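What follows is the residue order along each chain.
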Amino acid sequence: MLYGGNRYNVPAPDDNGDGYPGVAGATYFETQLASDGYVFFNWNYGTYDTRQFDPFVVVINGALYSTLASVDGQQGRFVSPFLRQGDVFGFSILTYDNAGGIGYAQIL
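Residues numbered from 1 in each chain as written. Predicted model: local features only at pLDDT ≥ 70, side-chain atom pairs only at ≥ 80, totals over all residues. Heavy atoms only, no water.

Engineer: Where do I start with the overall build of the protein chain in this structure?
Structural biologist: Each helix and strand counted, the protein chain has zero helices and eight strands in total. Ordered by position in the sequence, the α and β elements of the protein chain form the string β-β-β-β-β-β-β-β. Considering the protein chain as a whole, with its 108 residues, one finds that 39% of them fall into the buried category. Counting only contacts in the protein chain whose residues sit at least 6 apart along the sequence, the fraction spanning at least 24 positions is 82%. Of the roughly 6,000 Å² of accessible surface on the protein chain, a fraction of 50% belongs to carbon and sulfur atoms. (Helix = DSSP H or I, 4+ residues; strand = E, 2+ residues; numbered from the N terminus. Buried < 20%, exposed > 50% of the residue type's maximum accessible area, 1.4 Å probe, protein only. Contact = heavy atoms within 4.5 Å. Areas by Shrake-Rupley, 256 points an atom, 1.4 Å probe, with all protein chains shown as cover.)

This is the structure we're talking about:
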């Protein structure tokens, strides 16, 4: 399981509707690949946020590669492009507002 952040314990949208803009964050899991090949996994995504502010993404060599989900209840299968030994592969739960509830992903 990978859980995103929720620094501010307020409902989103907050009283002025902006959900603390600019207070972003990310929770990462990354690993350096020991050999050439593909990375593949199944996943389930959920969020307690009322808006799409906590996406589940794939990161390759420090750059956003793909957004997998941002809506509660999504699921799927991911297959990477061919990767080389030493590449860094990871996934992350981003938070754009740090409020309204966490996003989370189960990697199967």
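Engineer: When you look at the pattern of salt bridges in this model, what are you seeing that I'm missing?
Structural biologist: Pairs can form between side chains of opposite charge once their charged atoms are near each other. Using the criterion set out here, one finds one salt bridge in the structure. The residue Arg-84 makes a salt bridge to Asp-36 at a minimum N-O spacing of 3.3 Å. With Arg-84 in the loop between strand S6 (75–79) and strand S7 (88–95) and Asp-36 in the loop between strand S2 (25–32) and strand S3 (40–47), this pair connects stretches of sequence that are 48 residues apart. (Salt bridge = Lys/Arg side-chain N within 4 Å of Asp/Glu carboxyl O.)

Engineer: Looking at this structure, I do not really get the sheet that holds strand S4 (residues 56–60). What am I missing?
Structural biologist: Read across the open sheet, the four strands follow the order S2-S7-S4-S5; overall the sheet is antiparallel. Where the open sheet ends on each side, the last strands, each with one partner, are S2 and strand S5 (63–69). Shown here is a sheet whose adjacent strand axes are inclined to one another by a mean of 25°, direction ignored. Two strands pair when backbone bridges link them, and S4 and S5 are joined in this way by five bridges, in the antiparallel orientation. (Pairing = 2+ DSSP bridges. Axes fitted to C-alpha atoms, helices over the stretch in contact; angles between N-to-C directions.)

Engineer: Could you clarify how one ought to interpret the nonpolar core in this entry?
Structural biologist: One broad rule of soluble globular proteins: the nonpolar side chains tend to lie buried together. Counting residues in each nonpolar core, the largest one holds 17 residues, and the members touching the most others are Phe-41, Trp-43, Phe-56, Val-58, Leu-68, Phe-78 and Phe-89. Counting only elements with at least two residues in this core, the list comes to S3, S4, S5 and S7. Once residues within four sequence positions are removed from consideration, Trp-43 is found in contact with Phe-56, Leu-68, Ala-69, Gln-74, Gln-75, Gly-76, Arg-77, Phe-78 and Gln-106. (Core = buried A, V, L, I, M, F, W, Y, C linked by side-chain atoms within 4.5 Å.)

Engineer: Hey, could you run me through the sheet that holds strand S1 (residues 2–3) in this one?
Structural biologist: Picture the strands of a sheet paired through backbone hydrogen bonds; they go either parallel or antiparallel. If you trace the four strands from one edge of the open sheet to the other, you get S1-S8-S3-S6, paired in antiparallel fashion. The outermost strands of the open sheet, each flanked by one partner alone, are S1 and S6. Sheet analysis places S3 next to S6, joined by five bridges and oriented antiparallel. Opposite Phe-41, over in S6, you have Phe-78 as the bridge partner.

Engineer: Even after reading the chapter, I still don't get a nonpolar patch on the surface, so can you show me in this structure?
Structural biologist: A contiguous nonpolar patch, built from Tyr-38, Phe-40, Val-79 and Phe-82 and spanning about 440 Å² of accessible area, is present on the exposed surface. Position of Phe-82 among the secondary structure elements: in the loop between S6 and S7. Take Phe-82: its relative accessible area is 41%, and that puts it in the partly exposed class. (Patch = residues over 30% accessible without salt bridge, like charges linked within 9 Å, V, L, I, M, F, W, Y side chains within 5 Å.)

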